[in-house]
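A structural walkthrough
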Amino acid sequence: DHINGDKSDNRIENLREATNGQNKANSSVSANNKSTGIKGVYPSDDKFKVICGGKYHGLYTTVEEAKSVYNKSAVAKWGEYAKTTP
């Protein structure tokens, strides 16, 4: 896993052992989710749904609320490997 997310940065201090799931947790926003630009947050009618680790975490009225739920869920599931959105 590239700690800083830069696949071309192969310095030993930027690499760590990781499972496939941990490596995916440290990935960027999916190409399927360019609408919000926030990892794990997808538009759903007039709300935003959160999916983290393949699990549905509910619908939220604001993108900020949904982002917060995703970030907390990701850190709880993957710890230091979680890529969150500031």
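Preceding this section is the structure that the text describes.
Residues numbered from 1 in each chain as written. Predicted model: local features only at pLDDT ≥ 70, side-chain atom pairs only at ≥ 80, totals over all residues. Heavy atoms only, no water.

For the rest of this paragraph, the subject is the nonpolar core. What tends to happen in soluble globular proteins is that the nonpolar side chains get buried as a cluster. By size, the foremost hydrophobic cluster in this structure holds 12 residues: Ala25, Ile38, Val41, Val50, Cys52, Tyr60, Ala66, Tyr70, Ala74, Trp78, Tyr81 and Ala82. Those elements that provide at least two residues to this core are β2 (47-52) and α2 (63-78). Here this core gets four residues from one element, more than from any other, and that element is α2. With residues up to four places along the chain from it excluded, the contact list for tryptophan 78 reads Gly21, Ala25, Cys52, Gly53 and Tyr70. (Core = buried A, V, L, I, M, F, W, Y, C linked by side-chain atoms within 4.5 Å. Buried < 20%, exposed > 50% of the residue type's maximum accessible area, 1.4 Å probe, protein only. Helix = DSSP H or I, 4+ residues; strand = E, 2+ residues; numbered from the N terminus. Contact = heavy atoms within 4.5 Å.)

Here asparagine 23 is to be found in helix α1 (residues 20-25). For asparagine 23, a relative accessible area of 38% gives the class partly exposed. Through-space distance from the C-alpha of asparagine 23 to that of isoleucine 3 is 9.3 Å; in sequence the pair is 20 residues apart. Residue contacts for asparagine 23: discarding those within four places in its chain leaves Asp1 and Ala18.

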